[in-house]
Each structure stands twice: as C-alpha cells, then as structure tokens.
Amino acid sequence: MKYYLYTIGMFLTSFAATLVSIFVVGRIIYATFGKPSDFVLFLVIVPVFFVALLGSMRLYAKYIHLSCPECGSKLKMDNRPGTPVTYHCEKCNYLYRTSMTIGSR
Ligand SMILES: [Zn+2]
C-alpha cells in the first residue's frame, strides 16, 4: 500500500509542479511580450513541461523516499515507461514490483 501511495504521490506532485510551472511561465510571457503566437507558446511550453516534470520527479525521489523493509536503506524507484513500477534496494537486492505501469507499451 505504501508503494502505491508513494507512486501516486510522485505523479500528483509532478503533475502539480508541471501545471504551476506552465502557468507561471505563461504569465511571464504574457506580461513581458503580450500575447505570443501559438508556435512561440508551443516552443516555450514543451521544454518547460519536461523540465518541470522530470525535475519535480527527481526532487520528490531525492527528498521523499521509502526505506527497505529488509535492511532499512533507501529504495530506488524504477519507473521506465512500459514496465511496471518497481522499487529496488541496492544494498540487499530487495525488489518490490507494483502493478502500475506508466505508458502503454
Ligand atoms: Zn535492503
């Protein structure tokens, strides 16, 4: 259950961070340059989206982490798209596989 909550928490956090970043950057663009064209908006929003998404996921994993039930050290989350999200302990090789998969391959 805690793995499930942790995974959901990461996605909610990164989703919220992404929305807020896009909102803030959008406000800055509008305040500075007026209404940009769709193309310019697209060029700015896409990198902001990825930086905010990946950045917030990294920060989440860095500051909030689960400890291994076997040895107590930090569990590493593996969330590659297309494979179930797993938690792995580098010290004792404990592995927990969730049933959640990101992406659809
Ligand atoms: Zn361990």
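The residue numbering used here restarts from 1 in each chain and proceeds along that chain's sequence as written. Given that the model is predicted, a residue must reach a pLDDT of at least 70 before its local features are reported, and side-chain atom pairs must reach 80 or more before they are shown or counted; all residues, however, enter totals for whole chains, interfaces and linings.

**Remarks on the overall build of the protein chain**
A run of H or I in DSSP counts as a helix once it spans at least four residues, and a run of E counts as a strand once it spans at least two, with each numbered from the N terminus. Within the protein chain, the secondary structure is distributed over two helices and three strands. Reading the helices (α) and strands (β) of the protein chain from amino to carboxyl end gives α-α-β-β-β. Throughout, radius of gyration means the C-alpha value; the globule benchmark is 2.2 Å times the number of residues raised to the power 0.38. Since a compact globule built from 105 residues should have a radius of gyration of about 13 Å, the 17 Å found for the protein chain marks it as more spread out than a globular shape. In terms of overall dimensions, the protein chain has C-alpha extents of about 55 × 30 × 20 Å along its principal axes. Each residue is classified by how many other C-beta atoms fall within 10 Å of its C-beta atom, where C-beta atoms are placed from the backbone; a count of 20 or more means buried, 12 or fewer means exposed, and values in between mean partly exposed. Looking at the 105 residues of the protein chain, the share that counts as buried comes to 7%. Across the protein chain, every contact between residues at least 6 apart in sequence was considered, and the portion connecting residues at least 24 apart equals 36%. Whether two residues are in contact is decided by their C-beta atoms, placed from the backbone, lying within 7 Å.

**Things to note about the domain arrangement of the protein chain**
Interface size, as often reported, equals the accessible area lost upon joining of the parts. If you check the domain split of the protein chain, you get domain 1 (1-64) and domain 2 (66-105). Tallying the contact residues gives six residues for domain 1 and seven residues for domain 2. It is helix α1 (residues 2-33) that contributes the most residues to the side of domain 1 that touches domain 2, five residues altogether. Gly is placed with the polar residues, together with every amino acid not listed as nonpolar (Ala, Val, Leu, Ile, Met, Phe, Trp, Tyr, Cys and Pro) or charged (Asp, Glu, Lys and Arg). The residue makeup of the side of domain 1 that touches domain 2, split by class, is four nonpolar, one polar and one charged. All domain edges in this entry derive from an automatic or database-based domain assignment.

**Quick word on the environment of T18**
Relative to the elements of secondary structure, T18 occurs in helix α1. According to the C-beta neighbour criterion, T18 is buried, with 20 such atoms within 10 Å. Through-space distance from the C-alpha of T18 to that of V48 is 7.8 Å; in sequence the pair is 30 residues apart. Leave out the neighbours within four places in its chain, and T18 touches F49, A52 and L53.

**Re α1**
If you check α1, its first and last C-alpha atoms are 46 Å apart, about what 32 residues at 1.5 Å a residue would give, namely 46 Å. For α1, a buried count of one out of 32 residues is recorded, marking the element as mostly open to its surroundings. G34 lies just past α1 and shows a positive phi near 80°. Multiplying 1.5 Å by the helix residue count minus one yields the expected span of that helix.

**A few points about the pairing of strand β1 (residues 75-78)**
When DSSP finds two or more bridges between a pair of strands, those strands are recorded as paired. Judged from the four bridges that link them, β1 and strand β2 (residues 84-89) form a sheet pairing that is antiparallel. Within β2, the position partnered with M77 by the bridge is Y87.

**Digging into unusual backbone geometry**
Phi angles above zero are rare outside glycine, and N93 is one such case at about 65°. With respect to the helices and strands, N93 occurs in the loop between β2 and β3 (95-101). Given 10 C-beta atoms within 10 Å, N93 falls into the exposed group.

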